[in-house]
Amino acid sequence: MFTNKTFTLEKGLIVPMENVATIADCASVIEGVSRSRNALLNGDTKNYDWDSGYTCHQLGSGAIVVQLAQPYMIGSIRLLLWDCDDRSYSYYVEVSTNQQQWTMVADRTKVSCKSWQSVTFERQPASFIRIVGTHNTANEVFHCVHFECPEQQSSQKEESSEESGPGEPSLAGPQLEPHALQAPSGSSLPSSPGSASRSPNRQHQ
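This one's a predicted model, so the numbers in the text were calculated from it and none came from an experiment.

Below, the discussion takes up the packing of aromatic side chains. One pass over the structure, following the stated rule, counts three aromatic pairs. Ring plane angle 80 degrees and centroid distance 5.4 Å describe the contact between Tyr 89 and Phe 142, whose orientation is recorded as edge-to-face. Here Tyr 89, found in strand β7 (residues 89-96), pairs with Phe 142, found in strand β9 (residues 141-148); they are 53 residues apart in sequence, far enough to count as distant. Each of the two residues, Tyr 89 as well as Phe 142, counts as buried. A network of ring pairs unites the aromatic residues Tyr 89, Tyr 91 and Phe 142 as a single cluster. Its guanidinium or amino end placed over the ring of Trp 116, Arg 78 lies 4.0 Å from that ring's centre, counting from NZ or CZ. Sitting over the face of the ring of Trp 102, Arg 130 holds its NZ or CZ atom 3.9 Å from the ring centroid.

Quick look at the structure:
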């Protein structure tokens, strides 16, 4: 096994330039509820709505956790929060190499956040990234559409990271049909962004 590709190393770990939080790179979502197990990592930032294309967790219970294939030196991530209406979210982000000791790298618990979120921090080893929602102006569930690590500079028009005032709670959207869903093993079915405080349980590995 060999490669002609060169890598940047720091403290013995690869400093990735390309997004390593992908299915192709063997990353996975190990906690969180979604219609499709790895919807968060499939790279699709266009096709999502009230019923699908996002990963969620109940506020005050659980989180969304991504496991990378190996420890990397990480200094940035980017999120796409569900933004089909005017709601805003608050959250924080932690990283770990062992799921025991966690380091907070972003605290946006007092900020009203919408759509694309760029998070930069001091580069450090990480193989687990935990996103914990703390507030949603529409209901009691945190919804995330896309995750990448490290942040990729692209020309997507949706790239702006808004931090404006809280949006008005939306009217209830369509309710999900339980028999039509495929929730991750050990999880309840995902909560529609428009539903009033459905309570998905956290997924345990």
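Time to look at the confidence of the model for the protein. Within the protein, residue pLDDT values average 81, and 76% of them lie at 70 or more. Every residue in residues 155-189 is under pLDDT 50, and counting partners more than four places away or in other chains gives 93 contacts. Segment residues 197-205 is flagged for pLDDT under 50; beyond a separation of four residues in sequence, or across chains, it makes 35 contacts in the model.

Glancing now at the pairing of strand β6 (residues 64-81). With 14 of 18 residues buried, β6 is to be regarded as a mostly interior element. Taken together, the three bridges between strand β3 (residues 28-31) and β6 define a ladder with antiparallel strand orientation. By the bridge assignment, Glu 31 is partnered in β6 with Val 65. Sheet topology places β6 next to strand β8 (residues 103-136); 12 bridges connect them, and they run antiparallel.

One pass over the structure, following the stated rule, counts six salt bridges. The shortest N-O distance in the salt bridge between Glu 148 and Arg 78 comes to 2.8 Å. Taken together, the positions of Glu 148 in strand β9 and Arg 78 in strand β6 put the pair 70 residues apart, joining distant regions of the chain. The burial state of Glu 148 is the same as that of Arg 78; both residues are buried.

Quick notes on the rules
- Residues numbered from 1 in each chain as written.
- Predicted model: local features only at pLDDT ≥ 70, side-chain atom pairs only at ≥ 80, totals over all residues.
- Heavy atoms only, no water.
- Phe/Tyr/Trp six-rings, centres within 6.5 Å; stacked < 30°, edge-to-face > 60°.
- Helix = DSSP H or I, 4+ residues; strand = E, 2+ residues; numbered from the N terminus.
- Buried < 20%, exposed > 50% of the residue type's maximum accessible area, 1.4 Å probe, protein only.
- Lys NZ or Arg CZ within 6 Å of the ring centre and 35° of its normal.
- pLDDT = per-residue confidence, 0-100.
- Contact = heavy atoms within 4.5 Å.
- Pairing = 2+ DSSP bridges.
- Salt bridge = Lys/Arg side-chain N within 4 Å of Asp/Glu carboxyl O.

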